[in-house]
Amino acid sequence: MRFLKLIGLSAAFALLIAVILRFDPQRIASSLASADPTYISAGLILVQVQIVLSALRWRFTAARLGQRLDVGKAIGDYYLGTLLNQLLPGGVAGDAVRAVRNRAHGDGGWKVPVQAVLFERVAGQGVFFVIATFGVMLWPLLGGAAIPENLRHLLSGFALFAAGLAIVFLLLRLPPRRVQPLLAALKTALAQVFLRDRAWIAQTLFSLVIVASYIAMFMLASAAVGAPLPALAAVTAIPLCLLMMLIPATIAGWGAREAAAAALWPLFGYAASDGVAASILYGILALAGAGPGLVFILAALFGRRNR
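Residues numbered from 1 in each chain as written. Predicted model: local features only at pLDDT ≥ 70, side-chain atom pairs only at ≥ 80, totals over all residues. Heavy atoms only, no water.

Our focus in this paragraph is the pattern of salt bridges. Going through the model one piece at a time under the given rule, you end up with nine salt bridges. For K73, the salt bridge is made with D77, and the minimal N-O distance between the two is 3.2 Å. Of this pair, K73 and D77 both sit in helix α4 (residues 71-87), four residues apart, which is roughly one turn of that helix. With relative accessibility at 2%, the residue D77 sits in the buried group. Here D95 makes a salt bridge to R121, at a shortest N to O gap of 2.2 Å. Of this pair, D95 sits in helix α5 (residues 93-101) while R121 is found in helix α6 (residues 111-138), placing the two residues 26 residues apart along the sequence. Residue classification places R121 among the partly exposed residues on the basis of a relative accessible area of 25%. Salt bridges sharing partners connect three or more residues here, namely R57, D95, R98, E120 and R121. (Salt bridge = Lys/Arg side-chain N within 4 Å of Asp/Glu carboxyl O. Helix = DSSP H or I, 4+ residues; strand = E, 2+ residues; numbered from the N terminus. Buried < 20%, exposed > 50% of the residue type's maximum accessible area, 1.4 Å probe, protein only.)

Structural data, given as structure tokens:
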């Protein structure tokens, strides 16, 4: 498995380098060097909004399951988890660390923390997939350019993924007897987190604002490199680029995200290199914005040495 991960990561980095070399590396470097600092500052502020609101969503989700998280600890752990997700392959290492750091002692100490982390991510991804799906469906109706051939493969992959999810849900409806108790417990937890006491309202509001901040940050990154996008891109091109960050074989989507941007930005009258530069700047902002997580990593390391 480690060997396969190494191959995947090598391929992702090779893709990033290939995309940069393919689409005018000098222009990409020039766009990044001349990026507007006002937009960059606004993007860094948005990262803080994302992390704090995500931490509060996690705290709300955990409370629905009976786990109480201190506000400061939730925010601190989310900074740590976000930074680790930016630096490590798979995009879930930071989430695992959040669960570990908040596990309870004794029997069943892992169950609630893992569920809280999992359901918190599900809440965000669910809203994001809805926006991405409707954006693609409405693209032609909203006056967008015709989707080129090289993007149809990307959309086909997305459709297959959605179909796979549908099959999973169908299988859950007819589970084998030996897993029925587990699925019953899972359904109860899902109902508690999302349905009872109208919890879905808070979950939806949290997730809408968080997803909007991710999209706005990409819009700011593109504007910073001299390629301001129309509002249409917020529900079409940008969600598709952000989908690339969910590919497990990459580190925070690097490489795949730039390839998607190179294909999508020409639909709005810009060069492919503009899309690559915007995507690279987005990645830099996301990483730099999660920088405070270093404080919590260092604190954990020094804490171990002092024991």
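A word on the packing of aromatic side chains. In this structure the tally under the stated criterion is six aromatic pairs. Members of the aromatic cluster, connected to one another through ring pairs, are F218, W265 and Y282. (Phe/Tyr/Trp six-rings, centres within 6.5 Å; stacked < 30°, edge-to-face > 60°.)

Locating S30 in the fold gives a position in helix α2 (residues 25-33). For the pair formed by S30 and A277, sequence separation is 247 residues and the distance between their alpha carbons is 9.0 Å.

Let us look at the environment of S222. When you line up the elements, S222 lands in helix α9 (residues 199-224). Put simply, S222 and V276 are 54 residues apart on the chain and 9.3 Å apart in space, counted from C-alpha to C-alpha. Excluding its chain neighbours within four sequence positions, the residues that come into contact with S222 are A227, P228, L229, W265 and A278. Of note is the side chain of S222, whose polar atom sits 2.9 Å from the side chain of W265. (Contact = heavy atoms within 4.5 Å. Polar contact = N/O pair within 3.5 Å; in protein donor to acceptor, adjacent residues only side chain to side chain.)

For α4, with 17 residues, the first-to-last C-alpha span of 25 Å sits near the 24 Å given by 1.5 Å per residue. Most of α4 sits inside the fold, with twelve of its 17 residues counted as buried. (Expected span 1.5 Å × (residues − 1).)

Counting 70 residues, the largest nonpolar core has F218, L264, W265 and F268 as its most contacted members. Not counting the four nearest positions on each side in its chain, F268 is found in contact with W139, L229, P230, L232, A233, T236 and A237. (Core = buried A, V, L, I, M, F, W, Y, C linked by side-chain atoms within 4.5 Å.)

All right, on to helix α3 (residues 37-64) then. For α3, built from 28 residues, the straight-helix expectation of 40 Å at 1.5 Å per residue is met to within 8% by its first-to-last C-alpha distance of 41 Å. Buried within α3 we find G43, L46, V47, Q50, I51, S54, A55, R57, W58, T61, A62 and R64. In this structure D36 caps α3, since a side-chain oxygen of it lies 2.8 Å from the backbone nitrogen of T38. The positive-phi residue at the C-terminal boundary of α3 is G66, with phi of around 95 degrees.

Mapped onto the elements of the fold, S213 is located in helix α9. Take S213: its relative accessible area is 5%, and that puts it in the buried class. Those residues in contact with S213, other than ones at most four positions away along the chain, are L46 and Q50.

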